[in-house]
Every structure is written in C-alpha cells, then in structure tokens.
Amino acid sequence: MQMKNLIAALLPFCVSCVMQAASLPNIPADGPEATAAITGAEFCFAHERKLDVDRTPPSYLVLNLKIRVSYRNAGPRALIVPLGREKTVYTALRPGIMKISPQPQNFPDDETFTLMKNLPADVSRDNPVRPANDVFTVIPAGGAMTPAFDEEVILPVNRKNLFKREPDLRGRRLYVRLQFDHQDLAPALEADLSDRWAKFGAPWTGMTRTNTVSFDVPKAPPASRVCVDSRVPEKFDGHLQTNNNK
C-alpha cells in the first residue's frame, strides 16, 4: 500500500520531467540581433554604358560604404544559421521612413538563394560546421557569430538622368539600414536537421534587420578613381519600410 502511494506521488513529477525534456528541441528560436557599424567609405566617378557611346551621359559620383555586421544570439539555445542571405538596403536623408535603394549590378553582386532541399556535399549530416564550410554557422547561446561579416553599400551621390532625379547627397547626412533574408530550408530537411543537430543548436532561418547607421557625405567628396556602373536605368523602387527604426 505504501509502495502504491509512493508511485502515485511521484507519477505527476515524472510525467512533468518527461514533458519538459521532450519539449527542449522544439523551443521556438528567436533570431539573432544584427548590429551594423560603418568601417570605411570611398568615392569614385562612374558612368552608365549605352549602346551609342556618343551619347554616354556625364560621370557622376558614387559612394561605396563599408559596413561590418555582427550577429548576437540573446536566446537560451545556440542557433544554426545558414550563411546564404539576400541583402536589402534601406536609406533616408532624415530619421523616419526609409526607402529601398537597389544596388548596381556590376558591383559585387548579392546572390539569390533558392529553397535548400538537400544538404550541399561539403556539409556533414552529423555536424553543421565540421568539416568547415561556408553554408552554416553556429551562434552560441548568449554569444556572437564569429567572425562578423562585411558588406558594401553602393549609392549614387549626384546622378541625374531622364528616368529619375535622385537626391544630391553632397553635404547631407545619410541614414542606412540593412536587411538580410537568410536562405530557407525545406520543411522535411529542417525537421531532419533539427533531430540530427539537436546537440549543436536549433536551425534558424528568417529575416534580420540592423540598427540604422549614419554617414555625413562631404560637400566636396574626394574621388580619385574611376568605377563603371553598367546598370540599365530603371524606375526607382519606392517600397517603404514599415518597421520602426531602432
């Protein structure tokens, strides 16, 4: 009788332990916090290439911002993050609503990533980062991604043409914010990796957006080299950023 009473007393506690243990791999993983810092800026003279070289428009100034981005994981569990990402650049000339600034095609291109349905050949099914690869990284709980990564933002400073009249940035304060959409995993693959890689962390895919950084463009920017913008003129993408700035 005493044994039955003891079992009855311990049963709810044991069931609770099992439920908590089983729920650990399925804890929703919040995304990492992205922090941006400007590390450098360069100016160059660019021009648009036309089919008729006799009608090539005048050169214009281009700003090349160097931005370092670091990720920090404030959550209680390590995150396994795909390194493949698509970048969107938001800019403004005053605090508040920002607009998307499309990047030129001839400068270092951002890749477009499709849904990952199978693991690449250089990624182990038993370990997301061993052997070393450029597909996944692990951000420890309460830690930062190592190393941080560098991005470039290319913006025309004083370009004018028939298709659009962009604001002259000379002597203005420019506000910049970056958004990264990380490569998605197919549901079946994500479920499989969640089980296989549970001891390393939780797979995470999604969107991160950095803080807003500012840069004061000189009234007479120093440009000593030539760069070429081969982009075909297109109407400015005026999508508005609806999220609040930080």
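One can find the structure itself at the top, above this paragraph.
Residues numbered from 1 in each chain as written. Predicted model: local features only at pLDDT ≥ 70, side-chain atom pairs only at ≥ 80, totals over all residues. Heavy atoms only, no water.

Engineer: Can you tell me about the overall build of the protein, naming the residues and giving the values?
Structural biologist: Looking only at helices and strands, one finds two helices and 12 strands in the protein. Helices (α) and strands (β) of the protein occur, in sequence order from the N terminus, as α-β-β-β-β-β-β-β-β-α-β-β-β-β. Out of the 246 residues in the protein, the part that is buried amounts to 37%. When contacts within the protein are restricted to residue pairs at least 6 apart in sequence, those whose partners lie at least 24 apart make up 82%. When the accessible surface of the protein is summed, it comes to about 14800 Å², and 55% of that surface belongs to carbon and sulfur atoms. (Helix = DSSP H or I, 4+ residues; strand = E, 2+ residues; numbered from the N terminus. Buried < 20%, exposed > 50% of the residue type's maximum accessible area, 1.4 Å probe, protein only. Contact = heavy atoms within 4.5 Å. Areas by Shrake-Rupley, 256 points an atom, 1.4 Å probe, with all protein chains shown as cover.)

Engineer: Requested: an account of the environment of Gly 142, with residues and values cited.
Structural biologist: As for its position among the elements, Gly 142 is in the loop between β6 (136–139) and β7 (149–156). As a C-alpha pair, Gly 142 and Asn 73 span 69 residues in sequence and 5.3 Å in three-dimensional space. With residues up to four places along the chain from it excluded, the contact list for Gly 142 reads Arg 72, Asn 73 and Gly 75.

Engineer: An account of the sheet that holds strand β12 (residues 223–226) is requested, with residue identities and associated values reported.
Structural biologist: In space, the four strands of this open sheet follow the order β7-β2-β1-β12, with mixed pairing throughout. Edge positions in the sheet fall to β7 and β12, since each of these pairs with one other strand and no more. Averaged over all pairs of adjacent strands, the angle between strand axes in this sheet comes to 40°, irrespective of strand direction. Examined bridge by bridge, strand β1 (residues 33–46) and β12 share two bridges and lie parallel to one another. By the bridge assignment for β12, Phe 45 is matched with Val 226. (Pairing = 2+ DSSP bridges. Axes fitted to C-alpha atoms, helices over the stretch in contact; angles between N-to-C directions.)

Engineer: How would you summarise the pattern of salt bridges if you had to cite specific residues and measurements?
Structural biologist: Scanning the model with the defined rule gives 11 salt bridges in all. Where Arg 125 meets Asp 192, a salt bridge forms, and the shortest distance between an N and an O atom there is 3.0 Å. Linking Arg 125 in the loop between β5 (99–100) and β6 with Asp 192 in helix α2 (residues 187–196), this pair joins segments that are 67 residues apart in sequence. With its nearest N and O atoms 2.8 Å apart, the salt bridge here joins Glu 166 to Arg 159. Accessibility classification places Glu 166 together with Arg 159 in one group, the buried group. Bridged by salt links that share partners, the residues Arg 125, Asp 126, Asp 192 and Arg 196 form one connected network. (Salt bridge = Lys/Arg side-chain N within 4 Å of Asp/Glu carboxyl O.)

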